[in-house]
Amino acid sequence: MTIDRRASLGEALSAVRDGQRVAFGGMTMYRRPVAAALAIAAAGRRDLEIVTLTGGLETDLLIGAGCVRHLRSCYTGLEVVGFAPHYTRAVQQGTLGITEETEYTLSYAIQAATMRVPFLPMRGDLARTDLLSVRPDLRTFACPLTGVPLIAVPALPVDIAILHATAADRYGNCNLRGQLALDPHLPTAAATTIVTAERIVDTDTLRAMPGGINLSGLFVTHVVEAPGGSLPTSCVPDHRLNVAAVLDYAEAAADADADAWTRWLDTAIGAEANEVVR
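Overview of the structure.

1. A short note on the environment of Gly212
Looking at where Gly212 falls in the secondary structure, it is placed in the loop between α8 (203-208) and β12 (222-225). Once the C-alpha coordinates of Gly212 and Gln179 are considered, the two residues, 33 residues apart in sequence, prove to be 15 Å apart. In this view, Gly212 contacts Cys174, Asn175, Leu206 and Arg207; residues no more than four positions away in its chain are not counted.

The structure is reproduced here in structure tokens:
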């Protein structure tokens with residue numbers, strides 16, 4: 001590992017193109033790549049398909065900015081603050097395409113892409129729900145060994161994976177804390193992986209952190225030093241979830257046509273102005 005993968009946020013996110021499938025790391029309101037999402041919004045990217053185990057503020061703001069065509073997630077919301085306003089409104093108005101997912105279907109799809117196989121089999125228990133009626137891509141079949149019913153979950157490769165790390169070294173090795181969600185798998189399912197990190201440290205310091213190196217730089221394309229890059233979502237141990245800031249976001253986003261939303265987005269993008277993708 002001798003390749004220096006450091007880049008500015010603008011340089012890294014120049015890889016994001018209209019119409020791509022972009023996966024976000026983190027979980028609900030924890031360790032989300034918010035600074036990266038704001039830079040994508042500022043760049044005016046359009047027709048993105050967002051993949052995230054659970055969507056939070058970063059996903060909702062991109063929907064509000066008009067960047068998202070389709071969403072694959074098993075939950076999208078602001079957790080303790082309530083509904084994600086832009087997501088809820090877009091689904092109700094039919095302006096956002098969605099693929100119904102469960103934690104199992106989405107994690108199996110990403111892992112299948114990681115393993116470079118066309119699908120992974122999962123137990124047929126989902127046949128007891130109505131999920132199969134809205135997911136024609138999920139095929140049932142009999143296990144060739146036992147005959148029990150199984151469901152084939154198609155692989156879901158992604159174009160870009162974007163994660164936020166507690167710390168990283170210049171080679172892209174990362175230390176992640178808290179709920180890892182799909183973060184260990186996204187880089188190996190993606191053509192390009194961008195990591196924003198609270199700090200970039202030397203490799204020995206990274207190894208000495210609790211958890212050590214739990215994401216190899218082998219799968220990271222760019223690493224960006226971005227202190228506070230997950231705010232207002234949390235990044236343990238550097239900062240907690242800023243509930244007051246999330247409440248401010250929810251209030252501003254409550255009406256897509258309100259001046260309050262435009263002001264919020266412009267102000268948030270302005271705070272990242274030096275990192276905007278051009």
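Text resumes after the structure shown.
2. Here we look at a nonpolar patch on the surface
There is a patch of nonpolar side chains on the surface, built from Val80, Val243 and Leu247 and spanning about 260 Å² of accessible area. Mapped onto the fold, Leu247 is located in helix α9 (residues 243-253). Judged by its relative accessible area of 45%, Leu247 is partly exposed.

3. Describing the packing of aromatic side chains
Tallying each qualifying case throughout the model produces five aromatic pairs. Look at Phe119 and Phe141: their rings are 5.9 Å apart centre to centre, the planes differ by 80 degrees, and that puts the pair in the edge-to-face class. Note that Phe119 is positioned in strand β5 (residues 119-123) and Phe141 in strand β6 (residues 139-142), a separation of 22 residues in sequence. According to the relative accessible area criterion, Phe141 is partly exposed, its value standing at 28%. Their ring planes at 85 degrees and their centres at 5.7 Å tell us that Tyr249 and Trp261 sit as a pair that is edge-to-face. With Tyr249 in helix α9 and Trp261 in helix α10 (residues 259-271), this residue pair connects regions lying twelve residues apart in the sequence. Using a relative accessible area of 0% as the deciding quantity, one classes Tyr249 as buried. Through a chain of ring-to-ring contacts, the aromatic side chains of Tyr249, Trp261 and Trp264 assemble into a single cluster.

4. Re α9
Residues three or four positions apart in an α-helix share a direction because the helix packs 3.6 residues into each turn. Taken residue by residue, α9 has Val246, Tyr249, Ala250, Ala252 and Ala253 as its buried positions. What you see down the axis of α9 is that its buried residues fit within an arc of 165 degrees, all on one side. Contacts made by the buried residues of α9 are with α3 (57-64), α4 (85-93) and α10.

5. Remarks on the environment of Asp183
Mapped onto the elements, Asp183 comes out in the loop between β10 (174-175) and α7 (186-189). Residue class for Asp183 comes out buried when judged on its relative accessible area of 0%. With 65 residues separating them in the primary sequence, Asp183 and Pro118 have C-alpha atoms 21 Å apart. If near-sequence neighbours (up to four positions away) are discounted, Asp183 is found in contact with Gly25, Gly26, Arg31, Leu163, Leu176 and Leu215.

6. Looking at α3
For α3, the tally of buried residues reaches seven of eight residues, placing the bulk of the element in the interior. Among all positions of α3, only Leu57, Glu58, Thr59, Asp60, Leu61, Leu62 and Ile63 are buried. One or two positions beyond α3, positive phi appears at Gly66, with a value near 80 degrees.

Definitions and limits used
Residues numbered from 1 in each chain as written. Predicted model: local features only at pLDDT ≥ 70, side-chain atom pairs only at ≥ 80, totals over all residues. Heavy atoms only, no water. Helix = DSSP H or I, 4+ residues; strand = E, 2+ residues; numbered from the N terminus. Contact = heavy atoms within 4.5 Å. Patch = residues over 30% accessible without salt bridge, like charges linked within 9 Å, V, L, I, M, F, W, Y side chains within 5 Å. Areas by Shrake-Rupley, 256 points an atom, 1.4 Å probe, with all protein chains shown as cover. Salt bridge = Lys/Arg side-chain N within 4 Å of Asp/Glu carboxyl O. Buried < 20%, exposed > 50% of the residue type's maximum accessible area, 1.4 Å probe, protein only. Phe/Tyr/Trp six-rings, centres within 6.5 Å; stacked < 30°, edge-to-face > 60°. Arc of directions from axis to C-beta.

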